[in-house]
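So the chains spell out like this:
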Amino acid sequence: MVSVLRVNAAVAETLGSSYTPQMGRIYVDLINVYQSFSQALAKLLCDNPASVRSDYARNIRHIKQDILHLIEVYIAHSQQQDARLLAENFVTPLLTVVLPDYHQSPPDARDAQVLSLMTCVIERLQSTMTAQMPAVFMHLFKPTLDMITTNFTDYPDHRTNFFAMVQTINTYCFEAFFSLSAQEFKMVLDCTFWAIRHTERTVSETGLRILEEMLRQISQRPEVADPFYTMYYTAILREIFAVLTDTFHKAEFKLHAAILRHLFDIVLTGRVRVPLWDSSFAAQAPPGFTNATWLAQYINMLFASSFPSFTPSQIAVFVNRFLEPNQPLPTFKQHLRDFLVSIKEFSNGGQDNNNLYTEEAEAARAQQQAQLDEQRKLVPGLLKPSELPDDA
């Protein structure tokens, strides 16, 4: 059976949409086989949980994974005009069979391929999947988070695939977040914070991109922006400063800078329309007290408590630079770098701060390569035919 499934996956990859008639003939059987093997595995684990690592259990899981892989390959290589067909005929069995099986299985029996498949489905169907997101949240979110948030090492495939799925939901089905309860939405944001703090660069970058896109989407929806900023602005600011200054996440400096600049910009331009300070302070707030004033005071307090080696005047200089209105992003990044290299942890002789300048270094290399290519074009015969411009 494994050989048949893998041959079909190879054919589906080659034919793309032309594989649809064959998939239509076997899809129901694939789901039925998947369900039968799921039930067999569930019974086996119920009788003896330790048997999850037995050869028999592994063989069952391989077949289930190959079924999921075949479906994913077909969907990934389908055309956009097939979206309606996919939504009407292929999605429901996944939601009613595959997702509940993932939810009900023991952690060691859950297949990371399920998360990858759902990411593929959402990418292909995009906003069409928004109405199906409650089932995705119910069956995939909490079970997976319980697996991957106990430490930074267990279930690496699950954590990578899970955050890729969250990023895809954030991009194509953002409206689905509005249907969540306050507790469920907090779980989404907490898992994003957890990803940002992760020591695996792929996971931390994905978490930052999720947050960056979420903030962009929120800023375009004033009706949800106000309660969001009231609840989470301070927490987001604190989390970004924490990873920016911990020396373990230097490679993500570009994303840290972009998010911080956005957070500062929406305050300085008045796009945050609700008070950001604690409600208990409202009665004490002096006349004319604004979110920009509060932000400057909050950063001052944060730096004073986190970096005792800084004098108040040093902190004031950095805060004033950060909160300069309408400054270009490169200027803001330079202010951030100046601040970071002033921190004792970053100025330690054993620290390599080159990652803070990765973007500029890559741009310089690209410029040098472009200049070299222009010089080579001037000498006949130096460029290979494949390197010549199309109009050459």
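What counts and how
- Residues numbered from 1 in each chain as written.
- Predicted model: local features only at pLDDT ≥ 70, side-chain atom pairs only at ≥ 80, totals over all residues.
- Heavy atoms only, no water.
- Helix = DSSP H or I, 4+ residues; strand = E, 2+ residues; numbered from the N terminus.
- Buried < 20%, exposed > 50% of the residue type's maximum accessible area, 1.4 Å probe, protein only.
- Contact = heavy atoms within 4.5 Å.
- Areas by Shrake-Rupley, 256 points an atom, 1.4 Å probe, with all protein chains shown as cover.
- Expected span 1.5 Å × (residues − 1).
- Core = buried A, V, L, I, M, F, W, Y, C linked by side-chain atoms within 4.5 Å.
- Phe/Tyr/Trp six-rings, centres within 6.5 Å; stacked < 30°, edge-to-face > 60°.
- Lys NZ or Arg CZ within 6 Å of the ring centre and 35° of its normal.
- Axes fitted to C-alpha atoms, helices over the stretch in contact; angles between N-to-C directions.
- Parallel < 35°, antiparallel > 145°, perpendicular 65-115°, else oblique.
- Left-handed = near helix turned anticlockwise from the far one by under 90°.
- Nonpolar A, V, L, I, M, F, W, Y, C, P; charged D, E, K, R; others polar.

This part covers the overall build of the chain. Each helix and strand counted, the chain has 17 helices and zero strands in total. Residues counted as buried form 45% of the 392 residues belonging to the chain. Considering only intrachain contacts with a sequence separation of at least 6, the fraction spanning at least 24 residues in the chain is 70%. Summed over its atoms, the accessible surface of the chain is roughly 19900 Å², and 53% of this surface lies on carbon and sulfur atoms.

Compared with the 20 Å implied by 1.5 Å per residue over 14 residues, the 20 Å span of helix α6 (residues 112-125) between its first and last C-alpha is a close match. Summarising burial for α6: twelve of the 14 residues are buried, a large majority. Listed in full, the buried residues belonging to α6 are Ala112, Val114, Leu115, Ser116, Leu117, Met118, Thr119, Cys120, Val121, Ile122, Arg124 and Leu125. In this structure, the buried side of α6 is in contact with α2 (20-47), α3 (55-76), α4 (83-89), α5 (91-104), α7 (133-148) and α8 (156-172).

A word on the nonpolar core. One finds Phe162, Met165, Tyr229, Tyr233, Leu260, Phe264 and Phe303 to be the most contacted residues of the largest nonpolar core, which totals 115 residues. Of the residues forming this core, the biggest block, 13 residues, is contributed by helix α11 (residues 222-244). The residues touching leucine 260, leaving out its near neighbours within four places in the chain, are Leu237, Ile240, Phe241, Leu244, Phe332 and Leu336.

Time to look at the packing of aromatic side chains. Overall, the coordinates contain 35 aromatic pairs when judged by the stated rule. Here phenylalanine 137 and phenylalanine 177 contribute two aromatic rings whose centre-to-centre distance is 6.0 Å and whose plane-to-plane angle is 45 degrees, an arrangement assigned as tilted. With phenylalanine 137 in helix α7 and phenylalanine 177 in the loop between α8 and α9 (182-196), this pair connects stretches of sequence that are 40 residues apart. Here the two residues phenylalanine 137 and phenylalanine 177 agree in accessibility, since each one is buried. When the ring centre of tyrosine 34 is taken as origin, the NZ or CZ atom of lysine 64, which lies over that ring, is 5.1 Å away. Taking the ring centre of tyrosine 102 as reference, the NZ or CZ of arginine 110 above it sits at 5.7 Å.

Attention now goes to unusual backbone geometry. For glutamine 126, which is not a glycine, the phi torsion comes out positive at approximately 50 degrees. The residue glutamine 126 is located in the loop between α6 and α7 in this model. For glutamine 126, a relative accessible area of 32% puts it in the partly exposed group.

What follows covers α9. Given a rise of 1.5 Å per residue, 15 residues ought to cover 21 Å, and the 21 Å separating the end C-alpha atoms of α9 matches this to within 8%. For α9, every residue scored as buried is listed here: Phe185, Val188, Leu189, Cys191, Thr192, Phe193, Trp194, Ala195 and Ile196. Along its buried surface, α9 packs onto α7, α8, α10 (201-219) and α11.

What follows deals with the packing of helix α1 (residues 2-15) against α3. Packing of α1 against α3 brings their axes to within 9 Å, and their N-to-C directions diverge by 15 degrees. Accordingly, the angle class assigned to the pair α1 and α3 is roughly parallel. The two elements α1 and α3 meet at a crossing, and its hand is left-handed. Of the residues in α3, those touching α1 at Val2, Leu5, Arg6, Asn8, Ala9, Ala12 and Glu13 are Ile63, Asp66, Ile67, His69, Leu70, Val73 and Tyr74. When its residues are assigned to classes, the contact of α1 with α3 shows nine nonpolar, two polar and three charged.

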